[in-house]
Amino acid sequence: MNSLYCTFKNLILFITISFVMLALFSCKNKNTETRPIRKDITQCVYASGKLFPVDDYKVYSKFPGYVSEIHVRVGDTVAGGATLITIRNDQTEFNAESAKNAMLLAQKNNTNNSPLLSALKNEVSTAKARFDLDSLNFARYSNLIKQNAISQSQFELSKLQYEIAKQNLMKAQNNWQTTKDRLATEAANAELQYQTLLANKNEFLITAEKKGMVYDVDAKKGEMISLQKPVMEIGDKNKFELELFIDETDIRFVKPGQEVVFTIDAFENETFKAKVREIYPRISQTNKTIKVIAEIEAQNSSAFYSSLSVEANIIISTKKNALVIQR
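Small disclaimer: the values here were computed from a predicted structure and weren't measured.

A. The overall build of the protein, seen in detail. Across its full length, the protein holds 4 helices and 14 strands. In the protein, buried positions account for 28% of the 327 residues. Put simply, 74% of the contacts in the protein that link residues at least 6 apart link residues at least 24 apart. Only carbon and sulfur atoms are counted for the fraction: they give 53% of the accessible area of the protein, which is about 22,400 Å².

Quick look at the structure:
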C-alpha cells in the first residue's frame, strides 16, 4: 500500500515539474520586444460647457406688473429697440394721471389771469393808487409847510401816510412777484414730475437692447412678471460661441487663440472647431473651475441650438512626426 502511494506521489511531482518546464520554455521563446514608431502627438486640456448664441442676453422687466401683450414669438428676428412685451401696472397709471392733473392745475395758476395772481395784482393796483394819492398830498403839504400855511403836525402826518403807502406798495409788488415766481416753479416741477411718471409708464414697454433672434419666451399673457425672472432670451441668429469650464490646475496651459475641438451629443460622430477668445480672471469657488469663451467657426454654426451641452479639448501643443513607443 505504501509502495502504491509513493508511486502516485512521484507521478504527480513529475507532471508538475513538466508543466513548469514547459512554461519556462514558452516564456523564453516568446517575443517581448517592441519598436518605436513615428506619429503626430497632441497635448490637450479637457473642458466642458454649453453652446450659446453670440451676444446672448436675458431680458428682464424693470418694474413688476401683469403681461398685457406679447408682441414677438420664438424664432422671430427683432431689431434693437423693438417692443417685446407690454406690461400693465394700475398704480403707475394712477400716479401718471394724478401728476397730469397736478400739472394742469399748476399751469393754470401760473397764468396772468389766474385767480391768485389776479387778486395779488389788484392789491398792487390798490396800493399803487393809495401811494399816488399820499404822494400828491405829501408834495402839497411840503409846499404848504414852507409857506407856514399848515402846522408841523399836519406835515408830519402827511409824510407818515406817504411812507406807509410806499411800503405797502413795495410789499404788494414783492408779494405779487414772489408768488408769480413760485407758481412758475411749481408749474415746471409739476410738468417734470408728470414727464418722469410718463417715462416710467413707457418703461413698462419691454424692448430689445440689440438686434437678434428670440430663442425663448418665458412669459404668458395675464401673468405677473417679477424683477428677478427673465422673460426672454435673445441672441445672434447665425453666430454661436462656447462657454467652457476648465479645472483651475490647467489654466496655466490655456491661452487666447488656441484651437478647440469639441463634440455635441446631438451631432453624433461629428467634431467641430473653435478658438479660445477670452479667459475669465476668476475662479469659481463652487467647483474650482475657470470660464473660457471660444469662438466657433461660422460654417459650423448654422444648425446649432442654444444651450447645447458640449465636451471639448483645448489643444495646447502639437508635435509632428514624433518618435513614440506603443503603450
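B. Broad picture of the sheet that holds strand E3 (residues 65–70). Strand order in the open sheet made by the 4 strands is E6-E5-E3-E8, with antiparallel pairing throughout. Each edge of the open sheet carries a strand with a single partner, namely strand E6 (205–207) and strand E8 (224–225). For strand E5 (residues 83–88) and E6, the ladder comprises 3 bridges, and the chain directions are antiparallel. Counted as the bridge partner of Thr83 is Thr207 from E6.

C. Main features of the environment of Leu227. Following the sequence through the fold, Leu227 ends up in the loop between E8 and strand E9 (232–235). Placed 165 residues apart in sequence, Leu227 and Lys62 show a C-alpha to C-alpha distance of 6.2 Å.

D. Structural view of the sheet that holds strand E1 (residues 37–53). Reading around the circumference, E1-E10-E13-E12-E11-E14 is the order of the 6 strands in this closed barrel, with antiparallel pairing throughout. Averaged over all adjacent pairs, the angle separating strand axes in this sheet is 45°, with direction ignored. The pairing of strand E11 (residues 259–264) with strand E14 (residues 308–324) spans 5 bridges and is antiparallel. Each bridged residue has a counterpart across the sheet, and for Thr263 the counterpart in E14 is Glu311.

E. Here's a closer look at the packing of aromatic side chains. Across all of its chains, the model carries 9 aromatic pairs by this definition. Their ring planes at 10° and their centres at 5.0 Å tell us that Phe138 and Tyr162 sit as a pair that is stacked. Taken together, the positions of Phe138 in helix H3 (residues 115–146) and Tyr162 in helix H4 (residues 152–202) put the pair 24 residues apart, joining distant regions of the chain. What links up through ring pairs into an aromatic cluster is the set Tyr215, Phe240, Phe262, Phe267, Phe272 and Phe304.

F. Local environment of unusual backbone geometry. Notably, Asn148 is not glycine yet its phi reads approximately 60°, a positive angle. Here Asn148 lies in the loop between H3 and H4. Look at Ser307: it is not a glycine, yet its phi comes out positive at around 75°. Judged by relative accessible area, which is 34%, Ser307 ranks as partly exposed.

G. Structural view of the nonpolar core. If you look at the biggest cluster of nonpolar residues, it comprises 27 residues, and the most contacted ones within it are Leu51, Leu242, Val260, Phe262 and Ile264. Once residues lying within four places of it in the same chain are set aside, the contact partners of Leu51 are Phe240, Glu241, Leu242, Ile264, Ile296, Phe304, Tyr305, Ser306, Ser307, Leu308 and Val310. Ranked by size, the runner-up nonpolar core spans 17 residues in total, among them Val67, Phe204, Ala208 and Ile225.

H. Inspection of the confidence of the model for the protein at higher detail. Here the protein averages 83 in pLDDT, and 86% of its residues register 70 or above. Predicted confidence for residues 1–9 stays below pLDDT 50, and this span has 0 contacts to residues more than four positions away or in other chains.

I. Seen up close, the pairing of E5. The pairing of E3 with E5 spans 4 bridges and is antiparallel. Among the inter-strand pairings, Tyr66 is bridged to a residue of E5, identified as Arg88.

J. How the structure looks around the pattern of salt bridges. Considering all chains together, one arrives at 10 salt bridges under this definition. Taking the shortest distance from any N to any O, the salt bridge between Lys128 and Asp132 comes out at 3.0 Å. Residue Lys128 and its partner Asp132 are located together in helix H3, separated by 4 residues, close to a single helical turn. Residue classification places Asp132 among the partly exposed residues on the basis of a relative accessible area of 32%. Residues Glu278 and Arg277 are paired through a salt bridge, measuring 3.8 Å at the closest nitrogen-oxygen approach. By relative accessible area, Glu278 is classed as partly exposed at 34%. Salt bridges here are not isolated pairs; linked through shared partners, they connect Glu241, Arg277, Glu278 and Glu295.

K. Quick look at a nonpolar patch on the surface. A cluster of nonpolar side chains, Leu157, Leu160 and Ile164, forms an exposed patch at the surface whose accessible area comes to about 280 Å². Mapped onto the fold, Leu157 is located in helix H4. For Leu157, a relative accessible area of 47% corresponds to the partly exposed category.

L. Spotlight on the environment of Met213. In this structure, Met213 sits in strand E7 (residues 212–217). Exposure remark for Met213: the relative accessible area of 15% places this residue in the buried category. In this structure the C-alpha to C-alpha distance between Met213 and Ile234, which are 21 residues apart in sequence, comes to 5.5 Å. Setting aside chain neighbours within four positions, we find Met213 in contact with Gly75, Asp76, Thr77, Glu233, Ile234, Gly235 and Lys237.

Reading the values: rules and limits
- Residues numbered from 1 in each chain as written.
- Predicted model: local features only at pLDDT ≥ 70, side-chain atom pairs only at ≥ 80, totals over all residues.
- Heavy atoms only, no water.
- Helix = DSSP H or I, 4+ residues; strand = E, 2+ residues; numbered from the N terminus.
- Buried < 20%, exposed > 50% of the residue type's maximum accessible area, 1.4 Å probe, protein only.
- Contact = heavy atoms within 4.5 Å.
- Areas by Shrake-Rupley, 256 points an atom, 1.4 Å probe, with all protein chains shown as cover.
- Pairing = 2+ DSSP bridges.
- Axes fitted to C-alpha atoms, helices over the stretch in contact; angles between N-to-C directions.
- Phe/Tyr/Trp six-rings, centres within 6.5 Å; stacked < 30°, edge-to-face > 60°.
- Core = buried A, V, L, I, M, F, W, Y, C linked by side-chain atoms within 4.5 Å.
- pLDDT = per-residue confidence, 0-100.
- Salt bridge = Lys/Arg side-chain N within 4 Å of Asp/Glu carboxyl O.
- Patch = residues over 30% accessible without salt bridge, like charges linked within 9 Å, V, L, I, M, F, W, Y side chains within 5 Å.

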